Amino acid sequence: MSLSIQNLTANIGDQQILKGVNLEVPAGEVHAIMGKNGSGKSTLAKIMAGHPDYEVTGGDVLMDGVSLFEMAEPDERARAGLFLAFQYPMEIPGVTIANFLRAAVQARLPEGEELEATDYYAELYKKMDALKIPRTFTSRSVNEGFSGGEKKRCEILQMSMLEPKYAVLDETDSGLDIDALKIVSEGVNALRSPGRGFLVITHYQRLLDYIVPDKVHVMVDGRIVMSGDKDLALELEAKGYDWVTEPALA
Amino acid sequence: MPATIEEDKPQIDIDRSVGDFRYDVDYTYDAGVGLNEKTIDYICDVKKDPEWIRAFRKDGYRKFLEKPMPTHWATKDLDNIVFENIRYYLSQGTQPSRTWEDVPEEMKQTFERLGIPEQERKYLAGVEAQFDSEAAYSNIKAAVGEQGVIFVGSTEGLHNHPEIFKKWFGKVIPSSDNKFSALNSAVFSGGSFIYVPPGVKVKHPLQAYFRINAQNFGQFERTLIIADEGSEVMYMEGCTAPKFETSTLHSAVVELVALKGAKIQYVTVQNWSSNVFNLVTKRGLAHEDAEIKWIDCNIGSRLTMKYPGVIMKGRGARGEVISIALANDGQHQDTGAKMIHAADDTTSNVVSKSISIGSGVATYRGLVDIPPHRKGCKNNTECDALLINSHSRTDTYPAIVARGNSNACQHEASVSKVNTEQIFYMQQRGLTEGQAMSLAVNGFVNDLVREFPMEYSVELKRLIDLEMEGSVG
Ligand SMILES: Nc1ncnc2c1ncn2[C@@H]1O[C@H](COP(=O)(O)OP(=O)(O)OP(=O)(O)O)[C@@H](O)[C@H]1O
Ligand SMILES: [Mg+2]
């Protein structure tokens, strides 16, 4: 049981962005990816989720043994258990959070089964309360006019409602104030379970004080060039990326 | 009547998209095809029209011949209407020789999805010529009858209530208004006549839906509603279900009269199959402190041209147009509003939202007229367009004719697209592309859908879901 990225290469247009990514996140573990701006972290996340702009040119991603690329549409992968918390969540005018999430939860039910509205709202309110999101947000349009931090909190709310098998969190910590960082981290930690894996993309070691990773990987120019335990994050924070990059280029 | 035919577009689009279906019907009693003085005499004779109506029809016919096609400002597609091939009158009670088994499976599914009641499905599919809802209808009729409200077909109205009918008929929209109002004047049949006595507030919305029959959904229906001083009434016409269409030209005229302090709301939801030209003239006359509100939803059709208007004739009158138009592949929605401020302190509000999908075209055409000597007039116009995929087109022609300093006009327009990033985001949460699209579209029209009566708004949402599902590969 794992999310297994195997020698993945991918292009946008004729530019190669991923140049052979290898990484395995076993269920029950939290792995972090760090790396310079533009090294390909978000690209990796979006390719796994099935963004139409990228072309996968080689390799594979297996989710519990099943290739993600056998599922053509992003929604199939999502319903199979993959969740992506976006670095830049989209605004959907006119669509309330309550209706959006309800449709998403409904989409996971077997054909012919109707989501019970009262149960759904009870669950939604419980999770909003835990993330300290005011209940009034249910009637606001998805991400529209949200502050940066509110958007990120709303991504975690969605994750906790949809209960994925594997979640990729792309810079969920950026834009969060100190209190929000704790709240969001608690939200993520509450979802940690033996059957669930996390891939956390971040620039800051501080997040990893709260969400303690089993492994830390460093991405440079479309490849994972170094992996280690949580202390690697501290080392990167102290020394920067150059000492990692140089041997890789040599 | 010489009609130019351009062969660049086929006469009838055979398009199997949602809500579009047709098959031939055997007409036993009708006026034959084509239009001339004899056709009009035939209609008058069959309907036993009084002489003044015969004269009115013939005058309408002459004006129809004189008036030019509005191709110069609207669309050349109008030239493809072949007036000689149209049946201008079908008698009531014509039984289509269809059985439920003949109804295409996809259409049955559409009814299912929209939640249309069993009884109505048969009518809508053209299996039954009459929709047997006499019970429901007579209840409403009895309920409002006690209050002195007249709610009858237009033919019954002109025969049995000539004193009120004659006073207002053709006064808000003269036959000469445009080519199609003239045509309607010549051959009209069906539609409703409503009179609400002073001070009566009609609790139930009056629904054309309850009295669906061949007449009411006629091609050339004519509706006249008069709300006497201080009265209130809401009228609803149409339904979201795709309607079996045998005719390609629909040209209705609707006239509303709100006397001092009266309120009329006129709600339309129409879903035409994409072979239909839907060319409708709708206008209301609002006296002092009266209020007329058009709530309009147009989906489908090959070409819809419809610009509901309000003439604010008395001080303090208010006019409003709320409209949603959805143009799918190959369809053209040319809609808008006309607000004529003919008195001081009059207020008008126009909110229009259009959705263009694929090669669909949605055009907004507005006119707000406030002459320079008026004082204290206000208009607010908002038109928003949503484009789905790159072929879509939208045009806005807001003509605001407002002169003088003591009046205020506000105009806002926006064009937005459902972009791939939004769709991707929603798909990442497990929604199919179709579901994502319909959520986005429903979100776009959400605030307007709330203006519709409950049962319509629920159907509208389902209908948008269906349209969007059909629009993604
Ligand atoms: N649509 C695109 N068109 C062209 N280049 C792109 C596109 N998307 C990504 N790239 C390029 O791919 C590279 C990797 O981008 P990506 O967003 O994956 O980086 P990242 O590691 O997430 O960076 P950051 O830490 O700043 O979020 C960048 O050089 C970026 O400019
Ligand atoms: Mg990134």
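All values reported here derive from a predicted model rather than from experimental measurement.

### A short note on the sheet that holds strand β8 (residues 263-272) of chain B
Residue and element names in this part refer to chain B. As summarised here, the arrangement of the eight strands in space is β3-β5-β8-β10-β13-β15-β17-β19, forming an open sheet in which the pairing is parallel. With one partner strand each, in any of the chains shown, β3 (206-207) and β19 (408-417) form the two edges of the open sheet. With 10 bridges connecting them, β8 and strand β10 (residues 291-300) associate as parallel partners. Within β10, the position partnered with V267 by the bridge is I295. Running at roughly 170 degrees to strand β15 (residues 347-357), helix α10 (residues 433-449) makes contact with β13 (318-327), β15, β17 (378-388) and β19 of the sheet.

### Observations concerning the interface of chain B and chain A
Taken together, the contact between chain B and chain A spans 18 residues of the former and 32 residues of the latter. Carbon and sulfur atoms supply 63% of the area that chain B and chain A bury against each other, a total of about 2000 Å² over both sides. The three residues of chain B that bury the most area against chain A are F424(B), Y425(B) and R429(B), which together make up 38% of that side's buried surface. One salt bridge in this structure joins R429(B) and E155(A), with 2.6 Å as the shortest N-O distance. Counting the contacts that link chain B with chain A gives 14 residue pairs in polar contact (both at pLDDT 80 or more). For the side of chain B that touches chain A, the secondary structure elements donating two or more residues are α9 (420-428) and α10 of chain B. It is α9(B) that provides the largest number of residues to the side of chain B that touches chain A, a total of seven residues.

### Considering the packing of aromatic side chains
Inspection of the entire model under this criterion finds 17 aromatic pairs over all chains. Seen from their ring centres, F100(A) and Y425(B) are 6.1 Å apart, and the 10 degrees between their planes marks the pair as stacked. In this pair, F100(A) is assigned in helix α3 (residues 97-106) and Y425(B) in helix α9, connecting two distinct chains. With respect to class, F100(A) is no different from Y425(B); both count as buried. Judged by centre distance (4.7 Å) and plane angle (50 degrees), the rings of F56(B) and F169(B) are tilted. On the criterion of sequence distance, the pair formed by F56(B) in helix α2 (residues 51-66) and F169(B) in the loop between α7 (162-168) and α8 (179-187) is long-range, its members being 113 residues apart.

### Let's talk about the pattern of salt bridges
Residues and elements named next belong to chain B. What the rule picks out here adds up to 32 salt bridges over all chains. Close ionic contact of D41 with R54 constitutes a salt bridge, the shortest N to O distance being 2.7 Å. Taken together, the positions of D41 in helix α1 (residues 37-47) and R54 in helix α2 put the pair 13 residues apart, joining distant regions of the chain. You can call D41 partly exposed: its relative accessible area is 23%. The class of R54 is buried, set by a relative accessible area of 17%. Within the structure, one salt-bridge network assembled from shared partners comprises E37, D41, D45, E51, R54 and K58.

### Here we look at the sheet that holds strand β3 (residues 30-34) of chain A
Strand pairs in the sheet, formed through backbone hydrogen bonds, run parallel or antiparallel to each other. All names here are of chain A. Pairing within the open sheet is mixed, and its six strands lie in the order β6-β9-β10-β3-β11-β12. Pairing within the sheet leaves two strands with one partner each, and these edge strands are β6 (82-85) and β12 (223-228). Sheet twist, expressed as the mean angle between neighbouring strand axes with direction ignored, is 20 degrees. Of the pairings in the sheet, the one linking strand β11 (residues 215-220) to β12 comprises five bridges and is antiparallel in character. Bridge pairing in β12 links H217 to S227.

### Things to note about the coordination of the magnesium ion (ligand 2)
Residue and element names in this part refer to chain A. Protein coordination at the magnesium ion (ligand 2): the donors are S42 (OG) and Q87 (OE1), at 2.0 to 2.2 Å from the metal. Here the residue S42 occupies a position in helix α1 (residues 41-49), and Q87 occupies one in the loop between β6 and β7 (92-96), the gap between them amounting to 45 residues. In this structure, S42 and Q87 share a single accessibility class: buried.

### Observations regarding the site of ligand 1
All names here are of chain A. Lining the immediate environment of ligand 1, one finds 14 residues, of which G38, K41, S42, T43 and H203 sit closest. Contacts to ligand 1 include G40, whose backbone N or O atom sits 3.0 Å from an oxygen atom. Note that an oxygen atom of ligand 1 is positioned 3.1 Å from one of the side-chain N or O atoms of Q87. Starting from 630 Å² of accessible surface for ligand 1 in isolation, the protein chains cover 64%. Element by element, the count of residues in the shell around ligand 1 is highest for α1, at three residues. Each residue belonging to the shell around ligand 1 can be placed in one class, and the counts come to three nonpolar, eight polar and three charged.

### Regarding the packing of α9(B) against α10(B)
All names here are of chain B. Between α9 and α10, whose axes approach to 9 Å, the crossing angle comes to 120 degrees. Where α9 crosses over α10, the handedness of that crossing is right-handed. In contact with I423, M426 and Q427 of α9, α10 contributes E433, A436, M437, L439 and A440. Here the contact of α9 with α10 is built from residues that sort into six nonpolar, one polar and one charged.

### Here's the deal with the packing of α1(B) against α2(B)
All names here are of chain B. With their axes 10 Å apart at the nearest point, α1 and α2 run at an angle of 155 degrees to one another. Taken together, the axes of α1 and α2 are roughly antiparallel relative to one another. For the pair α1 and α2, the crossing hand works out as right-handed. Across from E37, I40, D41, I43, C44, D45 and K47 in α1, the residues of α2 making contact are R54, R57, K58, Y61 and R62.

### Here we look at the environment of V441(B)
Residue and element names in this part refer to chain B. By the secondary structure assignment, V441 is in helix α10. V441 sits in the buried class, given a relative accessible area of 0%. The spatial distance from the C-alpha of V441 to the C-alpha of I464 is 7.5 Å, given a sequence separation of 23 residues. Among all residues touching V441, those that are not within four sequence positions of it are I355, L386, I388, I464 and M468.

### Concerning the domain arrangement of chain B
Residue and element names in this part refer to chain B. By the assigned domains, chain B splits into domain 1 (37-418) and domain 2 (419-473). Of the residues lining the interface, 36 residues belong to domain 1; the matching set on domain 2 comes to 27 residues. Summing the contributions of domain 1 and of domain 2, the shared interface buries around 2700 Å²; its carbon and sulfur component is 72%. In this structure, the connection of domain 1 to domain 2 is made through two salt bridges. The salt bridge partner of D447 is K353, with a shortest N-O separation of 3.1 Å. Our count for the contact surface shared by domain 1 and domain 2 stands at four residue pairs in polar contact (both at pLDDT 80 or more). When contributions to the side of domain 1 that touches domain 2 are tallied by element, the ones reaching two or more residues are α3 (105-114), β5 (232-237), β8, β10, β13, β15, β17 and β19. In terms of residue class, the side of domain 1 that touches domain 2 is built from 18 nonpolar, 11 polar and seven charged.

About the thresholds
Residues numbered from 1 in each chain as written. Chains lettered and ligands numbered in written order. Predicted model: local features only at pLDDT ≥ 70, side-chain atom pairs only at ≥ 80, totals over all residues. Heavy atoms only, no water. Pairing = 2+ DSSP bridges. Helix = DSSP H or I, 4+ residues; strand = E, 2+ residues; numbered from the N terminus. Contact = heavy atoms within 4.5 Å. Axes fitted to C-alpha atoms, helices over the stretch in contact; angles between N-to-C directions. Buried area = accessible area lost by both parts, 1.4 Å probe. Salt bridge = Lys/Arg side-chain N within 4 Å of Asp/Glu carboxyl O. Polar contact = N/O pair within 3.5 Å; in protein donor to acceptor, adjacent residues only side chain to side chain. Phe/Tyr/Trp six-rings, centres within 6.5 Å; stacked < 30°, edge-to-face > 60°. Buried < 20%, exposed > 50% of the residue type's maximum accessible area, 1.4 Å probe, protein only. Donors = N, O, S within 2.8 Å, 3.2 Å for Na, K, Ca; no water. Near = heavy atom within 4 Å. Areas by Shrake-Rupley, 256 points an atom, 1.4 Å probe, with all protein chains shown as cover. Nonpolar A, V, L, I, M, F, W, Y, C, P; charged D, E, K, R; others polar. Left-handed = near helix turned anticlockwise from the far one by under 90°. Parallel < 35°, antiparallel > 145°, perpendicular 65-115°, else oblique. Domains from an automatic or database assignment.

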